[in-house]
Structures are given as structure tokens and as C-alpha cells.
Amino acid sequence: MAKKSSKDAPRDPLALDADLRIAAAPALRDTLLAVLAAGGPVELDGTAVAQVDTAALQVLAAFSRDARAAGLPVAWTGVSDSLRRGVSVLGLDALIELPAHAGVN
């Protein structure tokens, strides 16, 4: 029987920190670069994000662009209102591709 590579193993969603402002951007970048290098589908959990600024959103946008270019699917398991607002205010909806907001009809 063939062994599965680490790329084939399911990964837990990558939980983003509550504070995604400029001080957190370098660590976020390093983490996301490692995720890209590992290959395979990516799940991000933005549920805990309470504060986000342009620097972190630029990192997420670059990651989304690079993942798409590498053919790696990116899914979101949760998105906070703060993260959704930040993405929308900067007009990054098409690039970061957050899931549709679930609301009451």
C-alpha cells in the first residue's frame, strides 16, 4: 500500500489571529508562505479576527493571488464581521473571495 504524502493528509483550518494589524503582518506572511509551500487545499478560519488593517489585508490578498496561480483551492470556514468589512472597504472581495454572508431572508 502506498503511503500518503503530507500534501494528501487533511489539514486543520488555519485559524487567523484576533489582531491582524500591521505588527502581525510579517508573521501572517510567513505562515501563509509556508502553507503555499506545503501545497494542497487550504482552509482559513477568520472567525476570531476582531481587528484588521490594510497591511494584513494586503498579505491575505497576495496569498489568495498566489494560491490561485498555483492552482491551490482556498476555502474559508468562518469569517468575522470585522474581516468581512475590511475586505469590502478595500474592494478586495473578488481577490480574497470570502464566502457569501449568511443572513436571514
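Throughout what follows, the structure given in this document is the object of discussion. (Residues numbered from 1 in each chain as written. Predicted model: local features only at pLDDT ≥ 70, side-chain atom pairs only at ≥ 80, totals over all residues. Heavy atoms only, no water.)

A closer look at the nonpolar core
In globular proteins that are soluble, nonpolar side chains generally tend to be buried together.
Alright, step 1. The biggest cluster of nonpolar side chains holds 27 residues, and the ones touching the most others in it are Leu28, Leu60, Phe63, Trp76, Leu83 and Ile96.
Alright, step 2. Every element with two or more residues in this core is listed here: α1 (25–38), β3 (42–46), α2 (54–69), β5 (74–79) and α3 (81–89).
Alright, step 3. The biggest single contributor to this core is α2, with eight residues.
Alright, step 4. Contact partners of Trp76, with chain neighbours within four places excluded, come to Leu16, Leu44, Gly46, Leu60, Leu83, Ile96, Glu97, Leu98 and Pro99. (Core = buried A, V, L, I, M, F, W, Y, C linked by side-chain atoms within 4.5 Å. Buried < 20%, exposed > 50% of the residue type's maximum accessible area, 1.4 Å probe, protein only. Helix = DSSP H or I, 4+ residues; strand = E, 2+ residues; numbered from the N terminus. Contact = heavy atoms within 4.5 Å.)

So, the sheet that holds strand β1 (residues 14–15)
Alright, step 1. As summarised here, the arrangement of the three strands in space is β1-β3-β5, forming an open sheet in which the pairing is parallel. Of all strands in the sheet, those with a lone pairing partner are β1 and β5, marking the two edges.
Alright, step 2. Taken together, the two bridges between β1 and β3 define a ladder with parallel strand orientation. Residue pairing in the sheet places Ala15 in a bridge with Asp45 of β3. (Pairing = 2+ DSSP bridges.)

Observations regarding α1
Alright, step 1. Here α1 spans 20 Å end to end across 14 residues, near enough to the 20 Å set by a 1.5 Å rise per residue.
Alright, step 2. Where α1 is concerned, the buried positions are Ala25, Leu28, Leu32, Val35 and Leu36. Buried residues of α1, viewed axially, fall in a sector of 100 degrees; they line one side.
Alright, step 3. Structurally, α1 contributes buried residues whose contacts are with β1, β2 (19–20), β3 and α2.
Alright, step 4. Gly39 lies just past α1 and shows a positive phi near 75 degrees. (Expected span 1.5 Å × (residues − 1). Arc of directions from axis to C-beta.)

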